[in-house]
Amino acid sequence: MATKTLRLILGDQLNSNHSWFKTVDNTFIYVLMEVRTETDYATHHIQKVVGFFTAMRAFAEELIAKKHSVIYIKLNEKDNQQSFEKNLQKIFSEKNITHFEYQLPDEFRLDQLLSIFSNHLAITHSVVDSQHFFATRNELGDFFSGKKMFLMESFYRDMRKKHHVLMEGSQPISGKWNHDGDNRKKLPKNHKPILPLVFNNVVSEIVNEIKAANIKTIGTIDPKNFVWPINRQQSLELLDFFVTECLHLFGSYQDAMTPNEWSLYHSRLSFSMNLKMISPLEVVTKAIEEWQKRPDEIEFNQLEGFVRQIIGWREYIRGIYWLKMPDYAKMNFFNNQEKLPQWFWTGKTKMNCLKDAIQQSLQFAYAHHIQRLMITGNFALLAGIHPDEVDAWYLGIYIDAIEWVEITNTRGMSQFADGGIVGTKPYVSSAAYIDKMSHYCGSCYYDKSVKSGPKACPFNSLYWNFYDKNEDKLGKNPRIGMMYNLWRKMKPEDKTALLKQAEYYLKNINEL
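Keep in mind that this is a model prediction, so the values were computed, not measured.

(A) Fine view of helix α7 (residues 204-212). Listed in full, the buried residues belonging to α7 are I206, V207, E209 and I210. End-on, the buried residues of α7 take up no more than an arc of 160 degrees, which puts them together on one face. Exposed and facing more than 90 degrees away from the buried side of α7 are E205, K211 and A212. Phi turns positive, to about 55 degrees, at N214, one or two residues after α7.

Rendered as structure tokens:
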């Protein structure tokens, strides 16, 4: 009997350049499915669910147009068993499948599920790589084997050398590995950033199906103007737009924040990359080619900052994820226990920076890395929010949030819940940093320069309260010794005023 193979494609495996698709052979059947187990494991932004399903449907149509055999199971089809395992078993018997294949999932949860499922099958199965990342799952673990510190910079340099990116022999092309020091500028007051490229995709049908299925979501959507790329072609258009229109200022203003500007000079390619509609290699290659074409217009620091985010940070946190899961998901270094303020779901707060970052997230399912790290994440850490609460919010609200990329950034970099695996110090700040990098503070209800008393910026007292409360865990950290020296030299009455102010704000957190 001839073999008949079923190949499962997950919603974040939409890679049309995968070797699976090189030849057309009708003994291979591809299956994609929309299932409740995926919509319901977190409360997702409506745009995230729509983005995934729309891109999956577009990918299935692309495969069909190339004459591949495809089964596509839509969310509300009456035969949909609403889980990968049940749907697969049904297809196995209906289509007389003799062999099952899948690509390595990027989520630990699905990796476990498919591994256990496959090992109990009566038919044979095999697993292949997703052919997307620069590094393998285990490469970071091997690289840092025997080391106590997992410095991203070391891994980044190794990736640059190994893949010969921006290198001249064994040395960095500019004579310097990292140009981060040039990339911390605030937007000039009257600077008007370029309008972002958006896609006016009509997604009314899928929105209605999600509503009909009573899937609980957060955020808003315009069904006639879905702004995110839904296929490879649109993803490549967004990449073109970024390198031609934004790259020349990306590095300088990558940490900048300003009200009502949700995109600035960021690429917003993470959704396309995380679904594998485009690859990190082609993104990095395209940016380098543009810099080579216009070296006088695009300074090297703009390019290197972007390349580092992809070949460095993105690969690094994925490596940490596979090295440290599943224990990573339970880490809570500070033993934080509080719940997120209610306004994290509405943006209705008097703090300008948080109002803008949260409302933007609810409107676009997106915020850039400094809004996530130094506004929402900073506040959550200072307020002692349980890392599970923070994880669930970030995983749900952002269109590009898949656990491998979300949890390491949130629980690690943002919340320091891993005790220093990802970051060498907690990323917390008072109002001074927020004012330095943004235009939020000037028109805020709270006063950035006041530490206690009426209208004192909550970040100020919560900042010192955080250091005071966690001195036993952080006091010996060499990167923050200066803060403890300042704290110890403060007058006792000033310390008391700060701690009382923080206590008041924490008790009344939903009114801030």
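(B) Broad picture of the sheet that holds strand β3 (residues 69-73). If you walk across this open sheet you meet the five strands as β3-β2-β1-β4-β5, and the pairing is parallel. The sheet terminates laterally at β3 and β5 (124-128), the two strands that pair on one side only. Each strand axis lies, on average, 25 degrees off the axis of its neighbour in the sheet, ignoring direction. Pairing between strand β1 (residues 5-8) and strand β2 (residues 28-33): four bridges, direction parallel.

(C) Region of the structure containing empty space enclosed by the protein. For the structure on display, the rule yields three cavities of 30 Å³ or more. Estimates place the volume of the largest cavity at around 330 Å³. As for the largest cavity, its lining consists of 22 residues, and the residues nearest its centre are G11, D12, E38, Y41 and F52. Contributions of two or more residues to the lining of the largest cavity are made by α1 (36-40), α2 (46-65) and α4 (108-119). With five residues, the top contributor of residues to the lining of the largest cavity is α2. Partitioned by chemical class, the residues of the lining of the largest cavity number 13 nonpolar, three polar and six charged. In this structure, the second largest cavity occupies an estimated 100 Å³ of space. In terms of lining residues, the second largest cavity is bounded by 13 residues, among which N352, C353, C441, C444 and C457 are the most central.

(D) Examining the state of the cysteines more closely. Evaluation of the coordinates by the stated rule reveals zero disulfides. No disulfide involves C441; its nearest neighbouring cysteine sulfur is the one of C457, lying 6.4 Å away. The thiol sulfur of C444 is not disulfide-bonded, and the nearest other cysteine sulfur, from C457, lies at 6.5 Å.

(E) Geometry of the packing of helix α6 (residues 152-162) against helix α11 (residues 300-324). With their axes 9 Å apart at the nearest point, α6 and α11 run at an angle of 105 degrees to one another. Of the possible angle classes, the one that applies to α6 and α11 is roughly perpendicular. On α11, the residues touching M152, E153, F155, Y156, M159 and R160 of α6 are E304, R308, I311, G312, W313, E315 and Y316. Tallied by class, residues from the contact of α6 with α11 come to seven nonpolar, one polar and five charged.

(F) How the structure looks around the pattern of salt bridges. In the structure shown here, the tally under the stated rule is 28 salt bridges. Measuring nitrogen to oxygen at the nearest pair gives 3.2 Å for the salt bridge that ties K66 to E62. By relative accessible area, E62 is classed as partly exposed at 24%. Where K276 meets D106, a salt bridge forms, and the shortest distance between an N and an O atom there is 2.4 Å. Of this pair, K276 sits in the loop between α9 (270-274) and α10 (280-293) while D106 sits in the loop between β4 (99-103) and α4; the two residues are 170 residues apart in sequence, bridging distant segments of the chain. For K276, a relative accessible area of 2% translates into the label buried.

(G) Region of interest: the packing of aromatic side chains. Scanning the entire structure with this criterion turns up 47 aromatic pairs. For the ring pair F52 and F271, a centre distance of 6.2 Å and an interplane angle of 70 degrees mean the geometry is edge-to-face. Here F52 is found in helix α2, whereas its partner F271 is found in helix α9, with 219 residues between them in sequence. The same class applies to F52 and to F271, which are both buried. Here W262 and Y366 contribute two aromatic rings whose centre-to-centre distance is 5.8 Å and whose plane-to-plane angle is 80 degrees, an arrangement assigned as edge-to-face. Remark: Y366 occurs in the loop between α12 (352-364) and α13 (369-382) and W262 occurs in the loop between α8 (232-250) and α9; sequence separation between them is 104 residues. The structure contains a cluster of three or more aromatic residues connected by ring pairs, namely F333, F334, F416, Y463, W464, F466, Y467, Y484 and W487. Of note, R137 hangs over the ring of W322, and the distance from its end group to the ring centre comes to 3.7 Å. The ring centre of Y398 lies 3.9 Å from the NZ or CZ of R372, which sits over that ring.

(H) Highlighting the side chain of N201. By the secondary structure assignment, N201 is in the loop between β7 (171-172) and α7. A residue is classified by how much of its surface remains accessible, and N201, at 9% relative accessible area, is buried. Separated by 2.9 Å, the side chain of N201 and the backbone oxygen of W228 make a polar contact. Apart from residues no more than four positions distant in its own chain, N201 is found in contact with P223, K224, N225, F226, W228, I230 and Q234.

Parameters at a glance
- Residues numbered from 1 in each chain as written.
- Predicted model: local features only at pLDDT ≥ 70, side-chain atom pairs only at ≥ 80, totals over all residues.
- Heavy atoms only, no water.
- Buried < 20%, exposed > 50% of the residue type's maximum accessible area, 1.4 Å probe, protein only.
- Helix = DSSP H or I, 4+ residues; strand = E, 2+ residues; numbered from the N terminus.
- Arc of directions from axis to C-beta.
- Pairing = 2+ DSSP bridges.
- Axes fitted to C-alpha atoms, helices over the stretch in contact; angles between N-to-C directions.
- 1 Å grid on protein atoms, 1.4 Å probe; cavity = no way out; pocket = protein on both sides within 12 Å on 5 of 7 lines; lining within 4 Å.
- Points joined across faces, edges and corners; volume = space filled by probe spheres on them.
- Nonpolar A, V, L, I, M, F, W, Y, C, P; charged D, E, K, R; others polar.
- Disulfide = S-S within 2.5 Å.
- Parallel < 35°, antiparallel > 145°, perpendicular 65-115°, else oblique.
- Contact = heavy atoms within 4.5 Å.
- Salt bridge = Lys/Arg side-chain N within 4 Å of Asp/Glu carboxyl O.
- Phe/Tyr/Trp six-rings, centres within 6.5 Å; stacked < 30°, edge-to-face > 60°.
- Lys NZ or Arg CZ within 6 Å of the ring centre and 35° of its normal.
- Polar contact = N/O pair within 3.5 Å; in protein donor to acceptor, adjacent residues only side chain to side chain.

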